[in-house]
Amino acid sequence: MAKTFKNYIAGKWVAPTTGRYLENRNPADTTDLIGRFPLSGAADIDAAVRSAQDGFERWSRMPAPLRGDILRNVGDIMSARKDELSDAMTREMGKVLAETSGDVQEGIDTAYYAATEGRRLFGHTVPSELRQKWAMSVRRPIGVCGLITPFNFPMAIPTWKMFPALLCGNSVVLKPSEDVPHSSHLLVEILIEAGIPEGVLQLVHGGEEAGKRLVEHPGVPVISFTGSTDTGSKIGEVCGRMHKRLSLEMGGKNAQIVMDDADLDLALEGVLWGAFGTTGQRCTATSRLIVHRKVHDKLLARVEEAAAKLVLGDGRQTKTQVGPLIHEAAREKVERYVEIGAEQGAELVTGGARPRGSRTSDGYFYKPTIFAGVKPGSRLAVEEIFGPVLSVIKVGSYEQAVKVNNEVKYGLSSSIYTSNVNTAFSALEDLQNGITYVNAPTIGAEAHLPFGGVKQTGNGHREGGWEVFEFYSETKVCYVDFSGTLQRAQLDTYDV
Ligand code: NAD
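Cut-offs applied
Residues numbered from 1 in each chain as written. Predicted model: local features only at pLDDT ≥ 70, side-chain atom pairs only at ≥ 80, totals over all residues. Heavy atoms only, no water. Helix = DSSP H or I, 4+ residues; strand = E, 2+ residues; numbered from the N terminus. Expected span 1.5 Å × (residues − 1). Buried < 20%, exposed > 50% of the residue type's maximum accessible area, 1.4 Å probe, protein only. Domains from an automatic or database assignment. Contact = heavy atoms within 4.5 Å. Buried area = accessible area lost by both parts, 1.4 Å probe. Salt bridge = Lys/Arg side-chain N within 4 Å of Asp/Glu carboxyl O. Polar contact = N/O pair within 3.5 Å; in protein donor to acceptor, adjacent residues only side chain to side chain. Nonpolar A, V, L, I, M, F, W, Y, C, P; charged D, E, K, R; others polar. Near = heavy atom within 4 Å. Areas by Shrake-Rupley, 256 points an atom, 1.4 Å probe, with all protein chains shown as cover. 1 Å grid on protein atoms, 1.4 Å probe; cavity = no way out; pocket = protein on both sides within 12 Å on 5 of 7 lines; lining within 4 Å. Sits in = over half its atoms within 2 Å of the grid points. Right-handed = clockwise from strand over helix to strand, strands pointing away. Pairing = 2+ DSSP bridges. Core = buried A, V, L, I, M, F, W, Y, C linked by side-chain atoms within 4.5 Å. Points joined across faces, edges and corners; volume = space filled by probe spheres on them.

### Let's talk about helix H3 (residues 82–93)
Two residues of an α-helix separated by three or four positions point the same way, owing to the 3.6 residues in each turn. Between the first and last C-alpha of H3 there are 16 Å, a value that for twelve residues agrees with the 16 Å anticipated at 1.5 Å per step. Within the sequence span of H3, burial applies to Leu85, Ser86, Ala88, Met89, Thr90, Glu92 and Met93.

### Regarding the domain arrangement of the chain
Each domain of the chain was delimited in the assignment, giving domain 1 (3–250 + 458–477) and domain 2 (254–438). Between the C-alpha centres of domain 1 and domain 2 there is a distance of 31 Å. Contacts between the two partners involve 24 residues from domain 1, matched on the other side by 24 residues from domain 2. For the pair domain 1 and domain 2, the two sides together bury roughly 2,000 Å², of which 59% comes from carbon and sulfur. The tally of links from domain 1 across to domain 2 stands at three salt bridges. In this structure, arginine 282 and glutamate 99 form a salt bridge, with 3.9 Å as the shortest nitrogen-oxygen distance. Our count for the domain 1 to domain 2 interface comes out at six residue pairs in polar contact (both at pLDDT 80 or more). At the level of elements, strand E5 (29–38), H3 and helix H4 (97–117) are the ones that each hand at least two residues to the side of domain 1 that touches domain 2. With five residues, H3 is the largest single contributor of residues to the side of domain 1 that touches domain 2. A per-class count over the side of domain 1 that touches domain 2 returns nine nonpolar, six polar and nine charged.

### Here's the deal with the site of the ligand
As a matter of local geometry, the ligand sits amid 29 residues, with Lys175, Glu178, Ser228, Met250 and Glu384 nearest to it. Contact between the ligand and threonine 149: an oxygen atom at 2.8 Å from a main-chain N or O atom of the residue. Glutamate 178 has a polar side-chain atom sitting 2.7 Å from an oxygen atom of the ligand. Within the complex, 90% of the 860 Å² of free accessible area of the ligand lies under protein. With respect to the detected pockets, the ligand is housed in the largest pocket. Elements supplying a minimum of two residues to the shell around the ligand: helix H7 (208–216), strand E11 (222–226) and helix H8 (229–241). The element best represented in the shell around the ligand is H7, accounting for three residues. A per-class count over the shell around the ligand returns twelve nonpolar, eleven polar and six charged. No fewer than three residues from each of domain 1 (3–250 + 458–477) and domain 2 (254–438) sit in the shell around the ligand.

### Comments concerning the environment of asparagine 422
Residue placement: asparagine 422 occurs in helix H14 (residues 421–430). For the pair asparagine 422 and tyrosine 479, spaced 57 residues apart in sequence, the C-alpha separation works out to 48 Å.

### Structural notes on the pairing of strand E13 (residues 254–258)
Every regular strand shows the same layout, with side chains that alternate between the two sheet faces. Where burial is concerned, most of E13 is hidden: five out of the five residues are buried. Burial along E13 is two-sided: the face carrying Asn254, Gln256 and Val258 and the face carrying Ala255 and Ile257 are both buried. Crossover connection from E13 via helix H9 (residues 264–276) to parallel strand E14 (residues 286–292): handedness right-handed. Where E13 lies against strand E19 (residues 413–417), four bridges are found, and the strand directions are parallel. Bridge assignment links glutamine 256 to a residue of E19, and that residue is serine 415.

### Some words on the sheet that holds strand E1 (residues 3–4)
In spatial order, the strands read E1-E5-E4; together these three strands make up an open sheet with mixed pairing. Looking along the sheet, the strands with just one partner apiece sit at the ends: E1 and strand E4 (21–26). Bridging between E1 and E5 involves two bridges; their strand directions are parallel. Paired with threonine 4 across the strands is arginine 36, a residue of E5.

### A short note on the nonpolar core
Of all hydrophobic cores here, the largest spans 44 residues; its most connected members are Met78, Met162, Phe163, Val172, Leu191 and Tyr472. For methionine 162, the contacting residues outside a window of four places in its chain are Leu147, Val172, Leu174, Leu187, Leu191 and Leu201. Judged by nonpolar contacts, the second largest core, of 32 residues, contains Leu325, Val338, Val374 and Val389.

### Here's the deal with empty space enclosed by the protein
One pass over the full model with this rule turns up seven cavities of 30 Å³ or more. If you add up the space inside the largest cavity, you get close to 90 Å³. Lining the largest cavity are 13 residues, with Gly280, Ala285, Ser287, Glu384 and Phe386 positioned closest to its centre. Considered class by class, the residues forming the lining of the largest cavity number five nonpolar, five polar and three charged.

Laid out in structure tokens, this is it:
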């Protein structure tokens, strides 16, 4: 019989007050039941926030380097258990083992980066305009952080949020995606083993009901959300009204541009990895291939041939190159877009159907799909599909490629393949994205650099790197006047 999992609140594993549970099944084989996970409600979130408020009182006073030591332990334990964590993640999320092991590695990198940040957390010391007076800034913890995460990076994204939040001295309530609860369960077990004190970290499983309560809870001053733009917009409205600090990381419609002077072998490898890796379910997935007309037909033929050969199946089998979609609704969304593509006059080049065969019969599989002749501005060209569908758009110049890249509401990542250094550097300036790659696919972010997008992909904050520590801490400015007299800023002057 499948195991029934619990929430983690105030240092204890507890059943949800709702008494309701969700079944978590392997998307590559839906007969494989991983476990039953809480479908929590408002009362569970309220209990978690109360506990986090207590935890904050103690944790925020612990010196940051010691908080960092606990995160270093977390990195060590994750490293030792990397294979087991990757296997469990592939079982519940579907992407192939190489990718889930990258997902765990990103968590490990984030743990070690945060651990060392405990000995930095820089403020500034600047000259005062007055004599015998010091002027400085330091970074202070804020309070309880509500972290809401999506399904596609079951471990990396919770760590991107949780580790910097904790390092800065905040306490946390994590509400992971209801599609991948087991990965967060394992992650929280590791934090407990690493020595995270009671009350500092709570895990509440569930879906929209639990997420909504966390966002609306007056005791949670910080919300960090990664997920779809629709959900992010709803969260933004509530946080705006309640004056909460909010980080939003949302959808994307990322493009790989291939110029006529590009290395086509490299561009081919890049687009296959970018478009069909994680079955197209990455926020940075390549969903548009914008190709110069001089190399368009040649590249398209090669991408078509290679995509048709990709091996679908259970991501835990070594032969598999493309896993399933996360659930039936995601597969049906892909099917709707395949119909829309046909209606809007795009040419289906390969895929466009569910696969047949025993390797894929019990999962949410869909063939890698390519549409050519996609018109700029059409729905295939501008809407996020979040599946293995690549739209190919032919252009006649660099300027046109930039225009097509930029005319979407999203702005996460882009890439350009060219051998001309001037074109490459122009693209870094012209492409409206938070991340641009040159001669590399649209995916491949590293944990020590800021990550996020412009336009409706985000709201100006970044995950990762040095910037995220600013999001999770408050700047406090400190003046110390040791002159023994009243000195008045802007008013007093001195004889030289
Ligand atoms: P989703 O928006 O459906 O769900 C994300 C999370 O929000 C889940 O935990 C869900 O339970 C919760 N939620 C749902 N409704 C809520 C509400 N009203 N209030 C509070 N929480 C609520 O997204 P998903 O399907 O899990 O993930 C796919 C999306 O995430 C894609 O759009 C993708 O582009 C985006 N994404 C973005 C990034 C990025 O960094 N920009 C990274 C990964 C994924």
